[in-house]
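These are the residues of each chain, in order.
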Amino acid sequence: MDRHPHALVIPFPAQGHVAPLMKLSLQIAAHGVKVTFVNTEFIHEKIMVSVPEKAEGRSLISLASLPDGLELEDDRTDYAKLIESVRRTMPGYLEDFILKINQSNINEKISCVIADTSVGWALEVAKKVGIEAVAVWPAGGPCLALALHVPQLLEAEIIDHDGTVMKDEPISVSKDVPAWSRSEIGWGSSDPVMQKVLLEFYSIVPEYAKFYDWILCNSVYELDSAALKLIPNILPVGPLLASNYLGTFAGNFWPEDSTCIEWLDKQTSSSVIYVAFGSTTMANMEQLEELALGLELTGHPFLWVVRSDFMDGSLAKFPDGFINRVAKRAKFVEWAPQEKVLAHPSVACFMSHCGWNSTMEGLSMGIPFLCWPYFADQFCNKNYICDVWKIGLGLAKGASGIVTRHEISTKIKTLLSSDAIKANALHIKELARKSFNEGGSSFKNFNNFIEHIKSL
Ligand code: UDP
């Protein structure tokens, strides 16, 4: 019997990492490679509870799970604890898992491990058992260039080992890539524990770089070339979208509420403000109130994703009378089928925290952005959206650190009346589309990658 190519894919256990690696996996599987996708047991449970029974594409891959080393009752949003435990315990579990598969199934041996850079130790495990290792960076090119630059920043004492920026000047990786100010650096945080955790997502890349031969990223060469040119062995294969393999399954941690699509069907073309801040961003009560009143002031219909854990320690409580006043033009969901929402003709703009996945999804659908970055790489992504691609506007915080209702309504009006931003958004959409279509740069990179996996 012929040998069948088999890739094992392993993400970091967070929504913004699982989703792009799942989309990549489904695309790989659609090209005839067997894929085993390994989550932690905790994340596996979440996905199985949320997955629609008939999710298209789900059957293309095998889902597996390994323990993360924590107890059931431990808090997995404590990333310092999670990262420490995963790094200490999972390499052993992964090695055993691979060896077991490879001993029991001679014709479908795992021939390639495709690992999120945030679990770089999995690349080392692959090499240890003699298997090809490929890394995936789930964010944008500029931040990857920055990650690979961390050893030089430490060496030059521009940052210390806790990630604190020691010099009062912007951090630059090349004259052609916008520099990072102290407040925008991807690991910067007022909480020193969080800063160390965020720094780990960057410093782990150069730490394990010797173990991978290629590094894939969810980007498009034409959109990001100045940064991508700086990165050895990079293969941009974006945009990674569920629609690329005509599926719906993307490893969501919450069930998608598709009633919003029926609601969007009833709205007029390019009228709806879509408001969604990814999987981890939280708001305080004062900010929630200003956001609600700002959306009300615009007079536009809006679709707002309010996750059950969106509020910082409390339940979302909207201003008095707000829900009644906006009832005829507002829709609230806990989790939306985001790609479908962004592709819907009723959507006019995307109020976003600028997570990389949301950024790639919004730009692939040609939707102008209203940017509200919160932490990590989101400030850099916002700068690309507003200043490099010119497909959005940023929201400014007032003196008290709150974005006011007037700032929100004014910026939305300015954004929706800007023909230049709309034209740029369509141009960028076209670049992304061309790149992924036959003959485009991501298409070629992806196909070369598939050929390589099949040849192993
Ligand atoms: N997402 C979704 N429904 C929602 C909100 C978000 O499917 O209601 C998806 C979104 O499409 C993206 C991911 O969740 O793929 C969020 O990733 P991103 O990098 O934008 O942000 P993060 O959650 O990592 O902060």
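Nothing here was measured: the structure is a model prediction, and the numbers come from that model.

## Describing the overall build of the protein
- Helix and strand content of the protein: 17 helices and 13 strands.
- Along the longest, intermediate and shortest principal axes, the C-alpha atoms of the protein span 65 × 55 × 50 Å.
- Relative to its full complement of 456 residues, the protein shows a buried share of 57%.
- Counting only contacts in the protein whose residues sit at least 6 apart along the sequence, the fraction spanning at least 24 positions is 71%.
- Accessible area for the protein stands at about 19,300 Å²; split by element, carbon and sulfur atoms hold 53% of it.
- In the protein, 40 positive and 53 negative side-chain charges are present, and the distance between their average locations comes to 5 Å.

## Some words on the UniProt feature "domain: Glycosyltransferase N-terminal" (unreviewed entry) in the protein
- Under the UniProt annotation, the feature "domain: Glycosyltransferase N-terminal" (unreviewed entry) is placed at residues 9-41.
- Secondary structure over residues 9-41 splits into 52% helix and 27% strand, and the C-alpha atoms at its two ends are 15 Å apart.

## Points about the side chain of Q378
- Mapping Q378 onto the fold places it in helix α14 (residues 378-388).
- There is a polar contact of 2.8 Å between the side chain of Q378 and the backbone nitrogen of Y374.
- Not counting residues up to four positions away in its chain, the partners in contact with Q378 are H353, C354, G355 and P373.

## Considering the environment of T298
- Mapped onto the fold, T298 is located in helix α10 (residues 285-298).
- Here T298 falls in the buried class, since its relative accessible area comes to 9%.
- In this view, T298 contacts I273, S409, I412 and K413; residues no more than four positions away in its chain are not counted.

## Notes on the sheet that holds strand β7 (residues 234-236)
- With respect to topology, seven strands assemble into an open sheet ordered β3-β2-β1-β4-β5-β6-β7, the strand pairing being parallel. Among the strands making up the open sheet, the edge pair consists of β3 (62-66) and β7. Recorded for the sheet is a direction-independent mean angle of 25° between the axes of neighbouring strands.
- Bridging between strand β5 (residues 132-137) and strand β6 (residues 214-217) involves four bridges; their strand directions are parallel. In the strand pairing of β6, W137 is matched with C217.
- Across the sheet, helix α4 (residues 121-128) touches β1 (6-10), β4 (112-116) and β5, and the angle it forms with β5 is around 170°.

## Structural notes on the packing of aromatic side chains
- All chains considered together, the criterion is met by 22 aromatic pairs.
- On the basis of an interplanar angle of 50° and a centroid distance of 6.1 Å, the ring pair of W214 and F449 is categorised as tilted. One end of the pair, W214, is in strand β6; the other, F449, is in helix α17 (residues 441-455), with 235 residues separating them in the sequence.
- On the basis of relative accessible area, W214 is assigned to the partly exposed category, the value being 23%.
- Where Y374 meets F375, the ring centres are 5.5 Å apart and the plane angle is 70°; that geometry is what we call edge-to-face.

## What about the pattern of salt bridges?
- This structure, assessed with the given rule, holds 18 salt bridges.
- Across the pair D74 and K81 runs a salt bridge, and its minimum N-O distance is 3.4 Å.
- Residue K81 is classed as partly exposed on the basis of its relative accessible area of 36%.
- For K128, the salt bridge goes to E95, with nearest N and O atoms at 2.8 Å. With a gap of 33 residues between them, K128 in helix α4 and E95 in helix α3 (residues 79-104) connect regions that are remote in the sequence.
- In this structure K128 comes out as exposed when scored by relative accessible area, which is 61%.
- Accessibility expressed as a relative area gives 19% for E95, which makes it buried.
- Connected through shared salt-bridge partners, K23, E339 and E361 make up one network.

## Comments concerning the sheet that holds strand β12 (residues 369-371)
- Strand order in the open sheet formed by six strands is β10-β9-β8-β11-β12-β13, with parallel pairing between adjacent strands. Each edge of the open sheet is held by one strand with a lone partner, namely β10 (330-333) and β13 (392-394). Shown here is a sheet whose adjacent strand axes are inclined to one another by a mean of 15°, direction ignored.
- In terms of strand pairing, strand β11 (residues 347-352) meets β12 through three bridges, oriented parallel. The partner of M351 across the bridge, within β12, is L370.
- Together, β11 and β12 form the strand contacts of helix α13 (residues 356-364), whose direction differs from that of β12 by roughly 155°.

## Focus on the site of the ligand
- Looking at the ligand, there are 17 residues lining it, with S279, A336, N357, S358 and E361 nearest.
- Between the ligand and the protein, one listed contact pairs an oxygen atom with a side-chain N or O atom of N357 at 2.8 Å.
- In isolation the ligand offers 540 Å² of accessible surface; the protein chains occlude 92% of this area.
- The residue inventory of the shell around the ligand, partitioned by class, reads five nonpolar, 10 polar and two charged.

## A few points about α4
- Within the span of α4, buried status applies to W121, A122, L123, V125 and A126.
- Contacts made by the buried residues of α4 are with β1, α3, β4, β5 and α7 (192-208).

## Considering the nonpolar core
- Ranked by size, the top nonpolar core spans 97 residues in total, and within it I10, W137, W187 and Y274 carry the most contacts.
- For W187, the contacting residues outside a window of four places in its chain are L146, V150, L153, I159, G163, Q195, L198, L199 and Y202.
- Among the nonpolar cores identified, the runner-up in size contains 35 residues, and L21, L26, V51 and F446 belong to it.

## Here we look at the side chain of S435
- Examined against the element boundaries, S435 turns out to sit in helix α16 (residues 419-436).
- For S435, a relative accessible area of 2% corresponds to the buried category.
- With residues up to four places along the chain from it excluded, the contact list for S435 reads V220, E222, G238, G440, S441, S442 and F443.

What counts, and at which threshold
- Residues numbered from 1 in each chain as written.
- Predicted model: local features only at pLDDT ≥ 70, side-chain atom pairs only at ≥ 80, totals over all residues.
- Heavy atoms only, no water.
- Helix = DSSP H or I, 4+ residues; strand = E, 2+ residues; numbered from the N terminus.
- Buried < 20%, exposed > 50% of the residue type's maximum accessible area, 1.4 Å probe, protein only.
- Contact = heavy atoms within 4.5 Å.
- Areas by Shrake-Rupley, 256 points an atom, 1.4 Å probe, with all protein chains shown as cover.
- Lys, Arg positive; Asp, Glu negative; His and termini not counted.
- Charge placed at Lys NZ, Arg CZ, Asp CG, Glu CD.
- UniProt positions renumbered as here; feature names shortened; annotations may be inferred.
- Polar contact = N/O pair within 3.5 Å; in protein donor to acceptor, adjacent residues only side chain to side chain.
- Pairing = 2+ DSSP bridges.
- Axes fitted to C-alpha atoms, helices over the stretch in contact; angles between N-to-C directions.
- Phe/Tyr/Trp six-rings, centres within 6.5 Å; stacked < 30°, edge-to-face > 60°.
- Salt bridge = Lys/Arg side-chain N within 4 Å of Asp/Glu carboxyl O.
- Near = heavy atom within 4 Å.
- Nonpolar A, V, L, I, M, F, W, Y, C, P; charged D, E, K, R; others polar.
- Core = buried A, V, L, I, M, F, W, Y, C linked by side-chain atoms within 4.5 Å.

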